[in-house]
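Structural description and commentary
The residues making up each chain are set out below.
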Amino acid sequence: MTPAVCVITGSASGIGLAITKRMLDAGFIVIGVDVDSTKLDATRDQIASERYHTMQGDVSRFGLHAEVTDRAGELGALRCWVSNAGFRTSGSVHDISPDEYDRCVAVYLTASFWGTAAAVRSMIANGEGGSIINISSRHAEATSAGMAAYAMCKGGINSLTRQVAGEYAHTGIRCNAVAPGLSTHQCVAKECSPV
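Rules used throughout
Residues numbered from 1 in each chain as written. Predicted model: local features only at pLDDT ≥ 70, side-chain atom pairs only at ≥ 80, totals over all residues. Heavy atoms only, no water. Axes fitted to C-alpha atoms, helices over the stretch in contact; angles between N-to-C directions. Helix = DSSP H or I, 4+ residues; strand = E, 2+ residues; numbered from the N terminus. Parallel < 35°, antiparallel > 145°, perpendicular 65-115°, else oblique. Left-handed = near helix turned anticlockwise from the far one by under 90°. Contact = heavy atoms within 4.5 Å. Nonpolar A, V, L, I, M, F, W, Y, C, P; charged D, E, K, R; others polar. Disulfide = S-S within 2.5 Å. Buried < 20%, exposed > 50% of the residue type's maximum accessible area, 1.4 Å probe, protein only. Pairing = 2+ DSSP bridges. Right-handed = clockwise from strand over helix to strand, strands pointing away. pLDDT = per-residue confidence, 0-100. Phe/Tyr/Trp six-rings, centres within 6.5 Å; stacked < 30°, edge-to-face > 60°.

1. Considerations on the packing of helix H3 (residues 62-75) against helix H4 (residues 98-126)
Two packed helices can be described by the angle between their axes and the distance between those axes. At a closest axis distance of 9 Å, the pairing of H3 and H4 adopts a crossing angle of 30 degrees. Comparing their axes, H4 and H3 come out roughly parallel. Here H3 and H4 pass one another in a crossing that is right-handed. In contact with Phe62, His65 and Thr69 of H3, H4 contributes Ala111, Trp114, Gly115, Ala118, Ala119 and Ser122. A class-by-class count of the residues in the contact of H3 with H4 yields five nonpolar, four polar and no charged.

2. Notes on the state of the cysteines
Inspection of the entire model under this criterion finds zero disulfides. Left without a disulfide partner, Cys80 is nearest to the cysteine sulfur of Cys6, which lies 3.4 Å away. Overall, Cys80 belongs to the buried group, its relative accessible area being 3%. Free cysteine Cys175: the closest other cysteine sulfur is in Cys80, separated by 11 Å.

3. Considering the pairing of strand E2 (residues 29-34)
Consecutive residues of a regular strand have side chains that alternate between opposite faces of the sheet. Counting buried positions over the six residues of E2 gives six, a clear majority of the element. With burial as the criterion, each face of E2 is covered, one bearing Ile29, Ile31 and Val33 and the other bearing Val30, Gly32 and Asp34. Summarising the sheet, strand E1 (residues 4-9) and E2 pair through five bridges and their orientation is parallel. The residue bridging Ile8 from the neighbouring strand is Gly32, located in E2. Relative to strand E3 (residues 52-56), E2 is paired through five bridges, and the arrangement is parallel. Directly across from Val30, in E3, lies its bridge partner Tyr52. Note on the crossover from E2 through helix H2 (residues 37-47) to E3: the handedness is right-handed.

4. What about the confidence of the model for the chain?
The pLDDT averaged across the chain works out to 90; a share of 93% of its residues lies at or above 70. A low-confidence stretch, residues 184-195 (pLDDT under 50), is modelled with 23 contacts involving residues beyond four sequence positions or located in other chains.

5. Considerations on the pairing of strand E5 (residues 130-135)
The buried fraction of E5 is high, at five of six residues. Note that the unit made of strand E4 (residues 77-83), H4 and E5 has a crossover that is right-handed. Both E5 and strand E6 (residues 173-178) contribute to a ladder of six bridges, which runs parallel. Note that in E6 the partner of Gly130 across the bridge is Ile173.

6. Regarding the packing of aromatic side chains
Throughout the structure, instances matching the rule amount to four aromatic pairs. Seen from their ring centres, Tyr108 and Tyr150 are 5.1 Å apart, and the 90 degrees between their planes marks the pair as edge-to-face. Taken together, the residues span a long stretch of sequence, with Tyr108 in helix H4 and Tyr150 in helix H5 (residues 148-168) at a distance of 42 residues. An aromatic cluster of at least three residues, connected via ring pairs, comprises Phe62, Phe113 and Trp114.

7. Regarding the sheet that holds E3
Taken together, six strands build an open sheet; the order of strands is E3-E2-E1-E4-E5-E6 and the sheet is parallel. The sheet is open, and its two edges are formed by E3 and E6, each paired on a single side. Taking the axes of each pair of neighbouring strands and ignoring which way they run, one obtains an average angle of 20 degrees across the sheet. Of the strands in this sheet, E1, E2, E3 and E4 are in contact with H3, which crosses E2 at around 160 degrees. Strand contacts of H5: E5 and E6, with the helix running at about 160 degrees to E6, the strand carrying the most contacts.

Next up, the structure:
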């Protein structure tokens, strides 16, 4: 039987690290992708599993997704893809900078789109189906000051997820979004950060 591979972007900390550990516990070979090579190295040392492989890269770079699926094919069959990469961002419509807006769209929305596309192509080629998980946010459905571009991107992720789930269900590919909210330790005196 071909080993099952799971790709997780933003895997070196936070939610991505927790997902990485869970998928290793479930028996997957995991490819952890992160832009921060120092954190990625520390995570690899911490996990110390021969089933955990890492790739440093920026998910906003189009070619990275194909490189990751190629690596997955060398290790087994891509059966799971988790688009989790992100960064702290904020800004209301009237004051967000063009650079912050562009980076937000590139890391959250565009990277989720191209990651999903790469995963679908690989899973169709494998003929075994699989699961694509896009990390969304409660901000996609709720209003919070200073989160305009972030909320827009997470709403787009929800729409992409619905589209892919419906269009590719017949191939055995499942596509779901997980929408974390704010935890108590992340919200201090009304100064909250997105998850």
